Number of protein chains: 2
Amino acid sequence: MSKKVQNDSERKRETMEKSLTQMGQLIYDQIQNREFPWIHMQSRSTDNIMYDPDERQYILGPRMIRRHSRNIRHIRPFTQLIWTSWFAKELVRQRKTSTLREVYYSARGQRDIEYSGQQESDNIITDLEVALNRAREDFHIFPEERSSIFGDLTIEYTVPGYEGRRTNLTDHPDGAMIGPAVTSSNFIETTADKVLVVEKGAMFTRLVEERAHEKFNAILIHTAGQSPRATRGIINRLNKDHGLPVYIFTDADPWGLHIAMVIISGSANAAHLRGLSTPNAQWIGVNGSDIIEYKLPTEPLSEFDRKRLTELKKDPRYARELWQKELDILIELDQKAELEAFSKFGLTYIVDEYLPAKLGV
Amino acid sequence: MSKKVQNDSERKRETMEKSLTQMGQLIYDQIQNREFPWIHMQSRSTDNIMYDPDERQYILGPRMIRRHSRNIRHIRPFTQLIWTSWFAKELVRQRKTSTLREVYYSARGQRDIEYSGQQESDNIITDLEVALNRAREDFHIFPEERSSIFGDLTIEYTVPGYEGRRTNLTDHPDGAMIGPAVTSSNFIETTADKVLVVEKGAMFTRLVEERAHEKFNAILIHTAGQSPRATRGIINRLNKDHGLPVYIFTDADPWGLHIAMVIISGSANAAHLRGLSTPNAQWIGVNGSDIIEYKLPTEPLSEFDRKRLTELKKDPRYARELWQKELDILIELDQKAELEAFSKFGLTYIVDEYLPAKLGV
């Protein structure tokens with residue numbers, strides 16, 4: 001077992017536990033001072049979420065709010081927040097992880113905590129992120145896993161029972177799930193010089209089978225639709241800490257485009273967090289011009305697709321000329337195409353022709 | 001590299017290639033005999049699909065059909081079937097795999113093959129299964145992967161580049177994806193004495209974290225909703241070839257119940273196949289009685305849930321007293337509960353109390 005890994009991971013855990021304890025201490029102090037307890041945090045209301053063109057992501061503005069137990073309308077969310085902090089502290093103390101849903105159901109076992117549904121609980125967890133200025137993964141709350149990863153990356157686990165154990169992510173040719181273990185692991189070494197992100201399992205399997213990781217010297221990531229935050233965090237680390245350029249490969253439709261955009265510029269929901277977006281990541285298609293150039297099989301846009309494209313046109317993340325043009329092409333074509341459309345030219349075309357052209361290799 | 005594994009897998013591949021070649025040869029012979037070519041196969045029409053209470057799964061009846069190119073209505077599906085057979089043969093010959101969707105798009109690259117949509121292509125692939133009496137995975141056509149597996153099972157890969165390489169499925173604590181590599185692997189050894197199947201990623205992660213694989217000496221399988229066929233095949237192999245009893249753990253609602261039932265008794269769509277159902281597998285809840293006994297947090301049934309329960313009541317797979325009772329309880333309660341509902345009693349309750357009670361350990 002690597003002593004250093006254990007120490008790093010333990011130090012991170014202890015820091016988190018300390019933050020949560022301090023938050024509790026503050027409340028105690030307020031009560032002992034005969035104050036109604038309150039918590040100070042950045043406002044997450046729509047008018048305090050703004051798009052920062054320099055950071056190329058949404059950020060929170062300067063407005064702060066005080067959630068105050070003296071205010072009758074605040075008592076419910078205040079109590080929920082305090083309970084959630086306690087729950088997070090227990091997770092961190094006991095070295096356990098939990099999912100958003102489990103947190104919600106755990107609350108339902110409490111006599112004095114009430115939620116109208118999971119949405120309310122998720123929302124309070126986001127409040128706690130804002131109050132602590134940390135992502136929920138740091139206090140051990142994870143989404144349900146579904147993304148996967150494959151390629152020459154040696155990772156070192158920090159989860160209990162596996163501390164310091166290393167594995168290379170080419171070991172299992174169907175790919176490794178991205179769950180708490182990969183998310184919390186240290187990235188030790190890689191010979192890859194890029195990251196290739198795809199939204200679909202079928203294409204991921206195709207890339208593994210065609211040895212795209214060797215041909216393009218790439219780490220392959222399968223998001224399974226819109227990337228979970230943990231996966232976006234991993235993409236960010238590979239780009240920022242390890243200097244690997246990131247290429248995103250999605251369907252040519254508003255949903256595929258937006259999968260790429262959320263990896264690049266993040267979401268309004270995560271405006272209070274850093275380290276989840278990768279502004280330098282590059283969307284390499286399938287785009288509208290590819291549909292024409294490659295004469296790809298298409299489907300007509302649905303009413304829902306059209307509506308979504310119009311929304312994206314107004315989204316500040318799509319303000320740049322380049323993106324506006326991509327949206328316009330799709331709107332004008334009134335057609336969409338899937339990644340698998342390239343199979344028309346044979347199963348290996350994507351690896352033999354399309355990707356080399358797009359990656360310039 | 002293990003010579004034996006390579007030989008077994010190579011022999012299987014060669015047999016498949018030979019079957020497909022023979023099928024083509026038959027067509028050639030018919031043409032050379034100046035006949036309009038035709039193919040003989042079991043009928044998959046509804047009136048030829050019947051539930052076999054002994055086998056505890058759907059089977060095809062004795063009725064055969066002849067798909068005949070002399071018949072104008074048959075020419076389209078006949079041509080599609082021949083093309084699909086050629087495509088499958090190429091896959092097998094080139095040691096490649098493909099997904100259902102890729103097959104569909106590959107057809108769209110052909111001048112003379114036409115499909116109204118993927119459904120029609122999928123349907124022809126099922127015809128080919130019937131004609132060859134083999135599952136599509138045997139001729140290398142896989143669904144998109146999404147299930148995962150974790151536990152003390154040593155497997156030996158047979159996929160190109162990994163032949164004879166072994167891995168133990170506890171190596172990666174987030175679980176291994178079940179794709180072509182796991183599906184085609186040989187199961188070498190296990191110390192586990194049971195298989196525990198869960199439908200949700202959150203519960204899978206919980207079980208791994210609580211070391212349920214050690215506590216219950218179990219291989220853990222995460223189906224991610226309704227199990228893909230490859231996953232059902234793996235469950236069957238662990239039960240039949242390795243003698244491990246199988247326990248299925250799902251939500252208490254018609255969808256959870258039916259995830260269990262399809263593992264146990266298969267689906268009408270796969271009536272022509274064997275080796276995908278596990279009649280001895282046991283559903284261990286969450287059931288209606290658990291909702292009452294454990295006072296679980298519930299949600300009311302939706303209109304859609306109610307309709308589905310009524311359908312299941314008439315489904316021959318639910319004919320047994322036991323299942324009828326379970327359906328009745330849910331209908332009467334008019335409530336449903338999720339796996340995560342046990343978090344009410346603490347995150348480890350499920351592993352400390354519920355599962356030991358249900359597994360009798």
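Residues numbered from 1 in each chain as written. Chains lettered and ligands numbered in written order. Predicted model: local features only at pLDDT ≥ 70, side-chain atom pairs only at ≥ 80, totals over all residues.

Engineer: Is there a simple way to think about the overall build of chain A in this case?
Structural biologist: Helices and strands together make up the secondary structure of chain A, namely 13 helices and 17 strands. Taken against the 2.2 N^0.38 rule, which gives 21 Å for 361 residues, the C-alpha radius of gyration of chain A at 22 Å falls within 12% of a compact globule. If you line up chain A on its principal axes, its C-alpha atoms span 75 × 50 × 35 Å. Classification of the 361 residues of chain A by burial places 46% in the buried group. Within chain A, residue pairs in contact and separated by at least 24 positions form 72% of the contacts whose partners lie at least 6 positions apart. (Helix = DSSP H or I, 4+ residues; strand = E, 2+ residues; numbered from the N terminus. Rg over C-alpha atoms; globule rule 2.2 N^0.38 Å. Buried ≥ 20, exposed ≤ 12 C-beta atoms within 10 Å, placed from the backbone. Contact = placed C-beta atoms within 7 Å.)

Engineer: Can you help me understand the sheet that holds strand β8 (residues 153–156) of chain B in this one?
Structural biologist: Each strand in a sheet pairs with another by means of backbone hydrogen bonds, the pair being arranged parallel or else antiparallel. Residues and elements named next belong to chain B. In space, the 3 strands of this open sheet follow the order β9-β8-β11, with antiparallel pairing throughout. Taken across any chain shown, the strands that pair with only one partner, and hence form the sheet edges, are β9 (166–168) and β11 (186–190). Each adjacent strand pair in this sheet contributes to an overall mean axis angle of 25°, direction not counted. Sheet topology places β8 next to β9; 3 bridges connect them, and they run antiparallel. When the bridges of β9 are listed, Glu156 appears paired with Arg166. (Pairing = 2+ DSSP bridges. Axes fitted to C-alpha atoms, helices over the stretch in contact; angles between N-to-C directions.)

Engineer: What is the right way to read the sheet that holds strand β11 (residues 186–190) of chain A from this model?
Structural biologist: All names here are of chain A. The strand order across the open sheet built from 3 strands is β9-β8-β11, with neighbouring strands paired in antiparallel fashion. Either end of the sheet is taken by a strand with one partner, and the two such strands are β9 (166–168) and β11. The mean angle between the axes of side-by-side strands here comes to 25°, regardless of whether they run parallel or antiparallel.

Engineer: Got a minute to help me understand helix α12 (residues 321–333) of chain B in this structure?
Structural biologist: Since the α-helix advances by 3.6 residues per turn, residues separated by three or four positions end up pointing in the same direction. Residues and elements named next belong to chain B. Across its 13 residues, α12 extends 18 Å between first and last C-alpha, which sits within 8% of the 18 Å expected from 1.5 Å per residue. Within α12, the full set of buried residues consists of Trp323, Glu326 and Leu330. Axial view of α12: buried residues confined to an arc of 60°, hence all on one face. Away from the buried face of α12 by more than 90 degrees, exposed residues Glu321 and Glu332 are located. Elements that come into contact with the buried residues of α12 comprise α9 (254–265), α10 (288–293) and α11 (303–314). The positive-phi residue at the C-terminal boundary of α12 is Asp334, with phi of around 60°. (Expected span 1.5 Å × (residues − 1). Arc of directions from axis to C-beta.)

Engineer: In this structure, what is going on with the interface of chain B and chain A? I would like to understand it.
Structural biologist: Interface extent is often summarised as the accessible area lost during association of the parts. Listed per partner, the contact involves 42 residues of chain B and 42 residues of chain A. If you list the elements that add at least two residues to the side of chain B that touches chain A, you get β5 (98–99), α3 (100–107), β10 (176–177), α5 (180–183) and α6 (201–209) of chain B. Residues that form the side of chain B that touches chain A fall into these classes: 16 nonpolar, 13 polar and 13 charged. (Nonpolar A, V, L, I, M, F, W, Y, C, P; charged D, E, K, R; others polar.)

Engineer: In this structure, what is going on with the environment of Thr84 of chain A? I would like to understand it.
Structural biologist: For Thr84 of chain A, the location among the structural elements is in helix α2 (residues 75–93). Sequence spacing of Thr84 of chain A and Thr154 of chain A is 70 residues, and the spatial spacing of their C-alpha atoms is 35 Å.

Engineer: Sorry if this is basic, but what is going on with unusual backbone geometry here?
Structural biologist: Keep in mind that most residues, glycine aside, have a negative phi and that most peptide bonds are trans. In this model, Gly285 of chain A is joined to Val286 of chain A through a cis peptide bond whose omega is 5°. Within the fold, Val286 of chain A resides in the loop between β15 (282–283) and α10 (288–293). Even without being glycine, Arg34 of chain A reaches a positive phi, approximately 60°. Within the secondary structure, Arg34 of chain A sits in the loop between α1 (3–32) and β1 (38–42). A tally of 6 C-beta atoms within 10 Å means that Arg34 of chain A is categorised as exposed. Even without being a glycine, Arg95 of chain B presents a positive backbone phi close to 55°. The topology assignment puts Arg95 of chain B in the loop between α2 (75–93) and β5.

Engineer: Can you walk me through the domain arrangement of chain A in this structure?
Structural biologist: Residue and element names in this part refer to chain A. For chain A, the assigned domains read domain 1 (3–142) and domain 2 (148–359). With centres defined by C-alpha atoms, the gap from domain 1 to domain 2 works out at 30 Å. Counting residues at the interface gives 19 residues for domain 1, matched by 21 residues for domain 2. The biggest single contributor to the side of domain 1 that touches domain 2 is strand β3 (residues 57–60), with 4 residues. Of the residues assigned to the side of domain 1 that touches domain 2, the class counts are 9 nonpolar, 5 polar and 5 charged. (Domains from an automatic or database assignment.)

Engineer: Quick question: what am I supposed to make of the relation of the copies chain B and chain A here?
Structural biologist: The two chain copies are related to each other by a rotation about an axis together with a translation along it. The transform that puts chain B on chain A rotates by 180° and translates by 0.0 Å along the axis, for an RMSD of 0.0 Å. The two molecules are tied by a two-fold rotation axis, judged by turn and shift. No C-alpha of chain B approaches the rotation axis more nearly than that of Ala176 of chain B, which lies at 2.6 Å. Comparing interface residues between copies, 100% of those in chain B also sit at the interface in chain A, which points to an isologous, same-surface contact. (Least-squares fit on C-alpha atoms with pLDDT ≥ 70 in both.)

Engineer: Help me understand the environment of Leu60 of chain B, please; the structure alone is not making it clear to me.
Structural biologist: Residue and element names in this part refer to chain B. Along the chain, Leu60 turns up in strand β3 (residues 57–60). Overall, Leu60 belongs to the buried group, with 20 C-beta atoms counted inside 10 Å. It is 39 Å that separates the C-alpha atoms of Leu60 and Ala357, two residues lying 297 residues apart in sequence. Apart from residues no more than four positions distant in its own chain, Leu60 is found in contact with Gln42, Arg44, Asn48, Ile49, Ala271 and His272.

Engineer: Even after reading the chapter, I still don't get the pairing of strand β12 (residues 194–198) of chain A, so can you show me in this structure?
Structural biologist: The two faces of the sheet receive side chains in turn, since in a regular strand these alternate between them. All names here are of chain A. Counting buried positions over the 5 residues of β12 gives 4, a clear majority of the element. Judged from the 4 bridges that link them, β12 and strand β14 (residues 246–249) form a sheet pairing that is parallel. When the sheet's bridge partners are listed, Val197 is paired in β14 with Ile248.

Engineer: How should I be thinking about the packing of helix α3 (residues 100–107) of chain A against helix α4 (residues 118–132) of chain A in this particular structure?
Structural biologist: Residue and element names in this part refer to chain A. Interhelical geometry of α3 versus α4 gives an angle of 110° and a closest axis separation of 9 Å. Here α4 runs roughly perpendicular to α3, going by the angle between their axes. Contacts from Leu100, Arg101, Val103, Tyr104 and Ala107 in α3 reach Gln118, Ser121, Asp122 and Ile125 in α4. Here the residues of the contact of α3 with α4 are counted per class, giving 5 nonpolar, 2 polar and 2 charged. (Parallel < 35°, antiparallel > 145°, perpendicular 65-115°, else oblique.)

Engineer: Explanation requested: the packing of α11 of chain B against α12 of chain B in the structure shown.
Structural biologist: Relative placement of two packed helices is described by the angle separating their axes and the distance separating the axes. Residues and elements named next belong to chain B. In contact at an axis separation of 10 Å, α11 and α12 are set at 160° when each is read in the N-to-C sense. By the angle between their axes, α11 is roughly antiparallel relative to α12. Here the hand of the crossing between α11 and α12 comes out left-handed. Across the interface between the two elements, Leu309, Leu312 and Lys313 from α11 touch Gln324, Leu327, Leu330 and Ile331 from α12. Its residues assigned to classes, the contact of α11 with α12 comprises 5 nonpolar, 1 polar and 1 charged. (Left-handed = near helix turned anticlockwise from the far one by under 90°.)

Engineer: Would you take a moment to explain helix α4 (residues 118–132) of chain B for this structure?
Structural biologist: All names here are of chain B. Between its first and last C-alpha, α4 extends 21 Å over 15 residues, near the 21 Å set by a 1.5 Å rise per residue. Listed in full, the buried residues belonging to α4 are Ser121, Ile124, Asp127, Leu128, Glu129 and Leu132. One or two residues past the end of α4 sits Asn133, with phi positive at roughly 60°.

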